[in-house]
Each structure stands twice: as C-alpha cells, then as structure tokens.
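Residues per chain, in single letters:
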Amino acid sequence: MDTKRILLGLAAAAAFGLVAGELISLANFTSNPVLQSVALGFLATTIGALIARRGFVFPALGLWFVGWLLVGCLLYFIAAPTGQASFLAIAQVNLLSIVLSALAVAIGALVGQALAKRVLRRAAAI
C-alpha cells in the first residue's frame, strides 16, 4: 500500500511541477529562475508527500535527481554542436539552483509528511 501511495505522490509532484511551470510561463510572469525552481520544488513535493503520507523523502530526492540529470543532458546536447559542451561547466552555472532545489525538495517532503500526520490525527479524533 505504501508503494502505491509513494508512486501516486511522485506522479502528483511531477504533474504539479510541470503544470505550474507551464502556467507561469503562459502568464508571462517573470521571476528569478532559482526562486521559481525552489518554490515549485517545495510546493510539488509537499503535495506529493501529503498523498504519500510517509517514506517520501528519498523517492522525492530521486525524482529531483532524475529531473536535474535530464536538464543537464539537455543542456549538454544543446551546447555540443558549438563545441562548448561540458558537464562540469553546466553544473557550475546551475549549482545554486541545484543545491537550493534539493533542500526545498527535502524540506517540502518533511513538511508534507508532517501535515499528512496532522490530518490523519484529526480525522481519527472525529
């Protein structure tokens, strides 16, 4: 049962992140990309952890890792034809966003799990 909840939480987190990112893009809302990455990561992971209820920190960090790995590969393949492709340079430029979004994902997972426990306790008390 926990595995299904975790997978549903991961799906919800990924869907929320993609949809919210697209809506922000369509609204022509300009913000700092680092701030946007951190805020979306935190909110998406909190929603996913609410659904998963527990054991969501490592799966959420796995989803975060896969996302950043895909971003790094995409940037590498964009820079490859110009002869300026370097994973180290890509990581250096994006290091602040990578670290802060990892912290936001971990904190979001913990906050979401705590909120889920609180909701379950209130539901049991009723």
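Scroll up to find the structure this text is about.
What counts and what doesn't
Residues numbered from 1 in each chain as written. Predicted model: local features only at pLDDT ≥ 70, side-chain atom pairs only at ≥ 80, totals over all residues. Heavy atoms only, no water. 1 Å grid on protein atoms, 1.4 Å probe; cavity = no way out; pocket = protein on both sides within 12 Å on 5 of 7 lines; lining within 4 Å. Points joined across faces, edges and corners; volume = space filled by probe spheres on them. Helix = DSSP H or I, 4+ residues; strand = E, 2+ residues; numbered from the N terminus. Nonpolar A, V, L, I, M, F, W, Y, C, P; charged D, E, K, R; others polar. Expected span 1.5 Å × (residues − 1). Buried < 20%, exposed > 50% of the residue type's maximum accessible area, 1.4 Å probe, protein only. Contact = heavy atoms within 4.5 Å.

**A word on the layout of surface pockets**
Here the largest pocket defines a volume of roughly 950 Å³. Together, 29 residues line the largest pocket, and Gly-17, Leu-18, Ser-37, Gly-67 and Val-71 are the ones closest to its centre. Residue assignment for the lining of the largest pocket shows that the elements contributing at least two residues are α1 (2-26), α2 (33-52), α3 (57-79) and α5 (95-125). With 11 residues, the single largest contributor to the lining of the largest pocket is α3. Here the lining of the largest pocket is built from residues that sort into 17 nonpolar, 11 polar and 1 charged.

**Thoughts on α3**
Along its 23 residues, α3 runs 33 Å from first to last C-alpha, staying within 8% of the 33 Å computed at 1.5 Å per residue. Those residues of α3 lying buried are Ala-60, Trp-68, Gly-72 and Ala-79. Where α3 is buried, its residues meet α1, α2, α4 (87-93) and α5.

Scope: geometric values only; no functional claims are made or implied.
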